[in-house]
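Summary of structural features
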Amino acid sequence: MTAERAISTRNDNALSSSLTKLRQKLPQMTRMSRHALSVIKHSTPRKLFNLVLVELEYRLRRTTVRGHPYIIIVDPLNVCNLRCPLCPTGTGDLERKQQRMEWETFTRTIDEVAPYAYEINLHNWGESLLHPRIFDMIEYVNSKNIATNMSTNFNRASDDKIDNLIKSGLEYLILSIDGITQDTYVKYRVRGNVNKVLGNVEKLIRRRKELGSRTPFIEWQFIVFEHNAHELEAAREMAYEMGVDRFRVIPPGIPFAAKEPDKLKDDWFIKDDEGRVEAFQGDVPTSCFYLYRSMTTNPDGGTAPCCIVYGDKNDFGDFKTESLDDIWNNQKYQSARSLFKKGGRAVEPTICDGCHIFKQHGQPAPSAPRDVIPVKSVQ
């Protein structure tokens, strides 16, 4: 099906209905089902005990914890071939040296978290397929009985890379495709070529079938902006006709240190009938789940409290010199968790002091960082 014919088959009522559903509920259930499958497939008694403990401590809003993170983000490299305007890598505002993760840093990180981890997400601030050892990384994680997930813009997918995505044992692959015509797609995915990407998707699905593999599970992820909303339903139809396993729509987010966040929202976010920018989610009433369930490791080994935070000045630890236990209950983590506990009092300033995603009940430390994490979707 051509993009032009697909778009022509959609009417205004279908588009309006889809956007209404998007505004009403963020698409969290697809993530929940993926996590559930990881638990079923990769559980051990130790991991299961840790999972229950983490969830209990999260709900009790403990500041010092015995549980360990079980969803780990490991960024193989913070370099990308695209220049997306809402990504700090694309805009040159990452505030961290751009580099590939060294193999020793990678294996040390995986070995530290392996007893507890259900999932390793091999992506964050770069295009993972540009790392020369990405398939070795996938295989190493698989050898530790941990689920492997990866996100890609899929512009740099050679035939060999497509085959290796299947043969390496990657379990879940997210394809970031925000349009089905070049004019629409390239407005956000700057330097990208949607026809090349769609061709790569067709090759991947064909080769997966030819090799008799059920993996990777393929998710087409569509960030909906004002400029591409009219292609949403056509993209959904195209995805399922091609054989994609899941089509997921998510709202955009603003970099937490963006200099003009309101302008970026006005330029990119969907507006309601009165011209107001749609607000998808903010002030989540729970404690921050990132501080209990997850940890993010950057290519240099520096660890961040969540996948939203960038800049080495905001690191909570360093896997090159510290163990997981050294980092997980250090003063920064305890201070950050105390922000979401009634009567809590942070003793050390962290980037979390300025977080507007989760509702804070505690008292930030004096001289809190100036950067503020804005309201955005929690994915």
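Remember, predicted model here, so these are calculated numbers, not experimental data.

**With respect to the overall build of the chain**
When helices and strands are tallied, the chain shows 15 helices and nine strands. When burial is assessed residue by residue, the chain has 56% of its 379 residues classed as buried. Relative to all contacts within the chain whose residues are 6 or more apart in sequence, the contacts with residues 24 or more apart total 69%. Accessible surface for the chain amounts to roughly 16600 Å². Of this, 49% is attributable to carbon and sulfur atoms.

**Topic: the packing of aromatic side chains**
Enumeration over the complete set of coordinates arrives at 19 aromatic pairs. Seen from their ring centres, Phe316 and Tyr333 are 4.9 Å apart, and the 85° between their planes marks the pair as edge-to-face. Taken as a pair, Phe316 in the loop between strand 8 (302-304) and strand 9 (317-318) and Tyr333 in helix 15 (residues 331-338) lie far apart in primary sequence, 17 residues in all. For Phe316, a relative accessible area of 4% gives the class buried.

**Description of the sheet that holds strand 5 (residues 217-223)**
Sheet architecture is open: nine strands sit in the order 6-5-4-3-2-1-7-8-9, paired in mixed fashion. Every other strand in the sheet has two partners, leaving strand 6 (246-250) and strand 9 as the edge strands with one partner each. Summarising the sheet, strand 3 (residues 147-152) and strand 4 (residues 172-176) pair through four bridges and their orientation is parallel. Bridge pairing links Asn149 to Tyr172 in strand 4.

**Thoughts on the environment of Asp163**
With respect to the element layout, Asp163 can be found in helix 8 (residues 159-167). Sequence spacing of Asp163 and Leu204 is 41 residues, and the spatial spacing of their C-alpha atoms is 7.5 Å. Discounting chain neighbours no more than four positions away, the residues touching Asp163 are Arg207 and Leu211. Side-chain polar atoms of Asp163 contact the side chain of Arg207, separated by 2.8 Å.

**Details of helix 15**
Within helix 15 the residues assigned to the buried category are Tyr333, Ser335, Ala336, Arg337 and Ser338. Looking at the packing, one finds that the buried side of helix 15 touches helix 13 (290-293), strand 7 (294-297), strand 8 and helix 14 (324-328). Two to three positions downstream of the cap, the backbone nitrogen of Lys332 sits 3.2 Å from a side-chain oxygen, assigning the N-cap of helix 15 to Asn330.

**Thoughts on the pattern of salt bridges**
Enumeration over the complete set of coordinates arrives at 19 salt bridges. Here Asp93 and Lys259 are joined by a salt bridge, their closest N and O atoms 4.0 Å apart. Of the two residues, Asp93 is situated in the loop between helix 5 (88-91) and helix 6 (103-113) and Lys259 in the loop between strand 6 and helix 12 (261-268); the sequence distance between them amounts to 166 residues. On the accessibility criterion, Asp93 (31% relative accessible area) is partly exposed. In this structure, the salt-bridge partner of Arg189 is Asp178, at a minimum N-O distance of 2.5 Å. Residue Arg189 is located in the loop between helix 9 (182-188) and helix 10 (194-210), and its partner Asp178 is located in the loop between strand 4 and helix 9; the two are separated by eleven residues in the primary sequence. With respect to class, Arg189 is no different from Asp178; both count as buried. Through salt bridges with shared partners, a single ionic network connects Asp163, Arg206, Arg207 and Glu210.

**A few points about the nonpolar core**
Counting residues in hydrophobic clusters, the biggest one holds 104 residues, and the most contacted among them are Phe106, Ile120, Phe154, Val201, Trp220 and Phe358. Setting aside its immediate chain neighbours within four residues, Trp220 contacts Leu175, Ile177, Ile180, Leu198, Ala235, Met238, Ala239, Met242, Val244, Arg246, Phe247 and Arg248.

**What about the confidence of the model for the chain?**
For residues with low pLDDT, the predicted coordinates do not support detailed interpretation. Across the chain, pLDDT averages 88, with 86% of residues at or above 70. The low-confidence segment residues 16-29 (pLDDT under 50) makes 21 contacts with residues lying over four places distant or belonging to another chain. Confidence over residues 374-379 falls short of pLDDT 50; this stretch has 27 contacts with residues more than four positions distant or in other chains.

**So, the pairing of strand 6**
Most of strand 6 sits out of view: five of its five residues are buried. Here strand 6 shows no split at all, with Arg246, Arg248 and Ile250 on one side and Phe247 and Val249 on the other all buried. By the bridge criterion, five bridges tie strand 5 to strand 6 in an arrangement that is parallel. In the strand pairing of strand 6, Ile223 is matched with Ile250. After leaving strand 5, the chain enters helix 11 (residues 232-242) and then returns to the sheet as strand 6, a path that is right-handed.

Scoring rules and cut-offs
Think of each chain on its own: its residues are numbered from 1, step by step along the sequence as written. Only residues with pLDDT of at least 70 are given local features in this predicted model, and only at 80 or more are side-chain atom pairs given and counted; all residues enter the totals for whole chains, interfaces and linings. Values reported for side chains reflect all heavy atoms of the structure, with hydrogen atoms and water molecules removed beforehand. Numbering of helices and strands starts at the N terminus; helices are DSSP runs of H or I of at least 4 residues and strands are runs of E of at least 2. Accessible area is worked out with a 1.4 Å probe on protein chains only. A residue is then buried under 20% of its type maximum, exposed over 50%, and partly exposed in between. Whether two residues touch is decided by their heavy atoms; if any such pair falls within 4.5 Å, the residues are in contact. Only the protein chains shown count as cover for residues, and the accessible areas themselves come from Shrake-Rupley with a 1.4 Å probe. Each Phe, Tyr or Trp ring, with Trp reduced to its six-membered ring, pairs with another whose centre is within 6.5 Å; inter-plane angles below 30 degrees give stacked pairs, above 60 give edge-to-face pairs, and intermediate values give tilted ones. Strands were regarded as paired on the criterion that DSSP finds at least two bridges between them. A 3.5 Å cut-off defines polar contacts: any pair of N or O atoms within that distance qualifies, except that in protein one atom must be a possible hydrogen donor and the other a possible acceptor, and neighbouring residues in sequence count only when both atoms are side-chain atoms. The term salt bridge refers to a side-chain nitrogen of Lys or Arg lying within 4 Å of a carboxyl oxygen of Asp or Glu. In plain words, nonpolar cores are sets of buried Ala, Val, Leu, Ile, Met, Phe, Trp, Tyr and Cys residues tied together by side-chain atoms within 4.5 Å. Residue-level confidence of the predictor, termed pLDDT, takes values from 0 up to 100. With its strands directed away from the observer, a crossover is right-handed exactly when the path from the first strand over the helix to the second travels clockwise.

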